[in-house]
Each structure stands twice: as structure tokens, then as C-alpha cells.
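Chain by chain, the residues run as shown.
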Amino acid sequence: MSRGREFPARTVEAEDVRLRRVDPHYTKTLVRLLAAHALAEKLTALGYERALETVTNGSLRPVIEKHLAEERHHAALVYRALRDIGVTQEEADRSMIPALKAPSFEAPLRFARSVAGELDLLMASLSLDMTGLLMVGVNYKDSSYAPHARAAERILDEEAEHELFAVGELASAVERFGPQAVAAALRQWLAAAANFFGPPGSGFGYDCKRFGLKARDNGELTELYLSMLERRLDKVGLTMPRLTPGYPHALA
Ligand SMILES: [Fe+2]
Ligand SMILES: [Fe+2]
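This structure is a prediction, so every number in the text was calculated from the model and none was measured.

A tally of regular secondary structure across the chain gives eleven helices and zero strands. Each helix (α) and strand (β) of the chain, taken in turn from the N terminus, gives the series α-α-α-α-α-α-α-α-α-α-α. The C-alpha atoms of the chain give 18 Å as radius of gyration, which agrees with the globular expectation for 252 residues (18 Å, within 12%). Going through the 252 residues of the chain one by one, you find that 43% of them count as buried.

This brings us to unusual backbone geometry. Pro248 follows Tyr247 through a cis peptide bond whose omega is -5 degrees. Among the secondary structure elements, Pro248 is positioned in the segment after helix H11 (218-235).

This part covers H11. The end-to-end C-alpha distance of H11 is 26 Å, a good match for the 26 Å that 18 residues give at a rise of 1.5 Å each. Considered for burial, the residues of H11 that qualify are Asn218, Leu221, Thr222, Tyr225, Leu229 and Leu233. The buried residues of H11 all sit within an arc of 105 degrees when viewed along its axis, so they share a single face. Facing away from the buried side of H11, by more than 90 degrees, are the exposed residues Ser227, Arg231, Asp234 and Lys235. Tucked inside the fold, the buried residues of H11 contact helix H7 (118-140), helix H9 (179-195) and helix H10 (203-210). Two residues or fewer past H11, Gly237 is found with a positive phi of approximately 75 degrees.

Turning our eyes to something else, we now look at the environment of Met123. Relative to the helices and strands, Met123 is located in helix H7. Through-space distance from the C-alpha of Met123 to that of Gln188 is 8.7 Å; in sequence the pair is 65 residues apart. Ignoring any residue separated from it by four or fewer positions in sequence, one finds Met123 in contact with Ala185, Leu186, Gln188 and Trp189.

Okay, the packing of H7 against helix H8 (residues 146-177) next. Orientation of H7 relative to H8, taken along the N-to-C sense of each, is 150 degrees, at an axis distance of 7 Å. Taken together, H7 and H8 sit at an angle that is classed as roughly antiparallel. The way H7 lies across H8 gives a crossing that is left-handed. Class assignment for the residues of the contact of H7 with H8 results in 17 nonpolar, five polar and four charged.

Now for the packing of helix H6 (residues 106-114) against H7. Packed helices, taken two at a time, are described by the angle between their axes plus the distance between the axes. Look at H6 against H7: their axes get within 10 Å of each other, and the N-to-C directions meet at 140 degrees. In terms of axis orientation, H6 runs oblique to H7. Crossing of H6 against H7: the hand is left-handed. In this structure, H6 contributes Ala107, Pro108 and Phe111 to the contact, and H7 contributes Ala124, Ser127 and Leu128. A class-by-class count of the residues in the contact of H6 with H7 yields five nonpolar, one polar and no charged.

For Ser104, the position within the fold is in the loop between helix H5 (89-95) and H6. Remark: the alpha-carbon pair of Ser104 and Ala185, spanning 81 residues in sequence, is separated by 19 Å. In contact with Ser104, other than residues within four places in its own chain, are Asn195, Phe196, Phe197 and Gly198.

Another aspect to go through is the environment of Ala192. In this structure, Ala192 sits in helix H9. It is 5.1 Å that separates the C-alpha atoms of Ala192 and Ala107, two residues lying 85 residues apart in sequence. Setting aside chain neighbours within four positions, we find Ala192 in contact with Glu106, Ala107, Arg110 and Ser127.

Definitions and limits used
- Residues numbered from 1 in each chain as written.
- Chains lettered and ligands numbered in written order.
- Predicted model: local features only at pLDDT ≥ 70, side-chain atom pairs only at ≥ 80, totals over all residues.
- Helix = DSSP H or I, 4+ residues; strand = E, 2+ residues; numbered from the N terminus.
- Rg over C-alpha atoms; globule rule 2.2 N^0.38 Å.
- Buried ≥ 20, exposed ≤ 12 C-beta atoms within 10 Å, placed from the backbone.
- Expected span 1.5 Å × (residues − 1).
- Arc of directions from axis to C-beta.
- Contact = placed C-beta atoms within 7 Å.
- Axes fitted to C-alpha atoms, helices over the stretch in contact; angles between N-to-C directions.
- Parallel < 35°, antiparallel > 145°, perpendicular 65-115°, else oblique.
- Left-handed = near helix turned anticlockwise from the far one by under 90°.
- Nonpolar A, V, L, I, M, F, W, Y, C, P; charged D, E, K, R; others polar.

What follows is the structure, encoded as C-alpha cells:
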């Protein structure tokens, strides 16, 4: 059997994991991936929670509240998938402590801890909702682990709306704050947003692909994100800041 066909989309259920019908390394890789996904959703929810306190533009309140509720729901879905294979939220979060220091968690941590106004909220949304949409839509929707694929399907529509919000906000921010202020905020966030996908060609990424838990390598998704973002920026007359090519990316 070829490697690609070993774990086709949606073929592994929680029971297969619980009854150890799959390779223990599959389970280990799955748990790590789900723990990272759950934590990213939880930190994004915390960011929206913080935005409720710090964003002074009252007209944004309903949309922030809506996104907050949806991000909490996304986190709950992924934590539930973990619980179904015997991993508690505490255990999952604890396993992620070393990963929190990695560049891939810089953007969600920054959103959760220090978003301080409308432009920051916009950048967080461009950095996390747009990236999240790609991860969920491209990588997890056809996961070999059926419960993750089903969770991704439920998350997808909402993330698509969050992304639309970010795109709409981008245009109105350029009008209200001016292109220079938006460009400056973008320079603050862009590298962290690109790094959110994680390092290209890692052993963990290879295992995720081999087990059918991810469709694409982190590097491919980063490229896809940057080209999408560049087109969005183009439409509002902004230029994409240059990034260094290697991971972790920095402003060039
Ligand atoms: Fe989400
Ligand atoms: Fe989102």
C-alpha cells in the first residue's frame, strides 16, 4: 500500500484510537496536532475577549462578541475531540507549554495578551482568522481522523466569515487611519502571522502528512497565505512588507 493511501480522509474514528487499532505513533502525532489546534482556538478566543475591553469603537462590539462566542466553540470542539481519546484539556495545554515559546505561537499569544485597539484587532484577525481558515480548510477538512475533519467542517464557515470581516475592516481601516498607520501595524504583525504555520519540512509535519492528518506542508501553506494577503493588500493600495525567506520569518 502506498503511503498516501494508508490513511485516507475520514477513515479513523475515536474508537480506533481508544482500542489501539492504529499505530501508536499516529495517536501521538494526532494528540499533538489537536492540542496545538485547540490551544490556538482558545488563545484566539482570549484575544477577542480582550478586544471587547480595549477596542473603543462601539460599532465593532457585536462582531467581536460573535467571534468570541465562535472561537470558544471552536476550542470546545477540538478539546472534545481530545477528551474522546482520553486527553483532558489540562493535559493537552500542559503538553503545549514548550511549544508556546516557538515562533508559531507568537501571534496567538500576542492576540491573547496585548491587543490594544482597533488596528491591532484587525492585524490579529488577518494573522489568525485568515491563517486559521487556511489551516482548517486546506489541512484539516480532509483529515484521516474523522472527528477532526468533522470539527473542521463546522469551524470552516465561521472562519470564512471572520476572514471576510478582516478583509472588510482592512479597507475601512485604510480610509479611517490612513495607509501609513495600517502599513506600520502590518509590519508589527506580518512575521508572526507567517510563522503561525510552523516550520517547513519538520519531522512532525512529515508525520502529519504521512498519517493523513495534514494535506500540505507548513511551508506550502505559508506561501499560500502570503500570496492571498498580498492580493488583499494590493486591492487597498498597500504593499506587502518583505520577509526573510527562512523560518522563523522576520522583516527583511
Ligand atoms: Fe477559530
Ligand atoms: Fe476565527
